[in-house]
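Here is what each chain is made of, one letter per residue.
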Amino acid sequence: QVRLVESGGGLVQAGGSLKLSCVASGLTLENYDMAWFRQAPGKEREFVASINWASAARNAADSMLGRIAISRDNAKNTVYLQINSLKPEDTAVYYCAAGGSYILQKERDYTYWGQGTQVTVST
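Keep in mind the model is a prediction, meaning the values are calculated, not measured. (Residues numbered from 1 in each chain as written. Predicted model: local features only at pLDDT ≥ 70, side-chain atom pairs only at ≥ 80, totals over all residues. Heavy atoms only, no water.)

**Comments concerning the pattern of salt bridges**
Point 1. Per the stated rule, a full pass over the model turns up four salt bridges.
Point 2. Linking arginine 38 and aspartate 90 is a salt bridge whose minimum nitrogen-to-oxygen distance equals 2.9 Å. A residue pair is termed long-range when its members are at least 10 positions apart, and arginine 38 in strand 4 (residues 34-39) and aspartate 90 in the loop between strand 8 (78-83) and strand 9 (92-98) qualify at 52 residues.
Point 3. Residue classification places arginine 38 among the buried positions, given a relative accessible area of 8%.
Point 4. In this structure, the salt-bridge partner of glutamate 107 is arginine 45, at a minimum N-O distance of 3.8 Å. One end of the pair, glutamate 107, is in the loop between strand 9 and strand 10 (112-113); the other, arginine 45, is in the loop between strand 4 and strand 5 (46-51), with 62 residues separating them in the sequence.
Point 5. Of the residues examined, arginine 45 reaches a relative accessible area of 22% and is grouped as partly exposed.
Point 6. One connected set of salt bridges, linked through shared partners, spans Arg38, Glu46, Arg67 and Asp90. (Salt bridge = Lys/Arg side-chain N within 4 Å of Asp/Glu carboxyl O. Helix = DSSP H or I, 4+ residues; strand = E, 2+ residues; numbered from the N terminus. Buried < 20%, exposed > 50% of the residue type's maximum accessible area, 1.4 Å probe, protein only.)

**Quick word on the state of the cysteines**
Point 1. Under the counting rule described, the total for this entry stands at one disulfide.
Point 2. Covalently, cysteine 22 is tied to cysteine 96 through a disulfide, its sulfur atoms 1.9 Å apart. Measuring handedness by torsion sign, the sulfur bridge of cysteine 22 and cysteine 96 sits at about 50° and is right-handed. Residue cysteine 22 is found in strand 3 (residues 18-25), and its partner cysteine 96 is found in strand 9; the two are separated by 74 residues along the sequence. (Disulfide = S-S within 2.5 Å.)

**Remarks on the side chain of glutamate 6**
Point 1. Structurally, the position occupied by glutamate 6 is in strand 1 (residues 3-7).
Point 2. For the buried glutamate 6, which has no salt bridge, the nearest side chain bearing the opposite charge is arginine 45, at an N-O separation of 7.5 Å.
Point 3. Polar side-chain contacts of glutamate 6 include one of 3.1 Å to the backbone nitrogen of glutamine 115.
Point 4. Among the polar contacts made by the side chain of glutamate 6, one reaches the main-chain amide nitrogen of glycine 116 at a distance of 2.8 Å.
Point 5. Discounting residues that sit within four places of it in the chain, glutamate 6 has contacts with Ser21, Cys22, Trp36, Tyr94, Tyr95, Cys96, Gly114, Gln115, Gly116 and Thr117. (Lys, Arg positive; Asp, Glu negative; His and termini not counted. Polar contact = N/O pair within 3.5 Å; in protein donor to acceptor, adjacent residues only side chain to side chain. Contact = heavy atoms within 4.5 Å.)

**Regarding the environment of serine 122**
Point 1. Within the secondary structure, serine 122 sits in strand 11 (residues 117-122).
Point 2. Given the relative accessible area of 26%, serine 122 is considered partly exposed.
Point 3. As a C-alpha pair, serine 122 and methionine 64 span 58 residues in sequence and 18 Å in three-dimensional space.

See below:
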């Protein structure tokens, strides 16, 4: 079975950094473009960043440009999201997803999802 498991979330003060990980099993990671989304309470799930199968191209939400970096290690079946200069508005559950094109930014464009990891940023 396909599984995506996120980790690395937690409580951090504004201005701090986190690196999230997503470990995939049951699939060959290089066959998929990957993405990160996030969802805050009462809000729609929104696109954060994406990366193509070979790390040849990537994309990021305009609101987070300059603060985040998405990367992947296909040999380890793992995708990462580095977030710097964290802000309170970054507080959300962060999800990784597989299956869509990295240029697409809609939830419905991705096939497989993890259960999410909570990121909480305090003031």
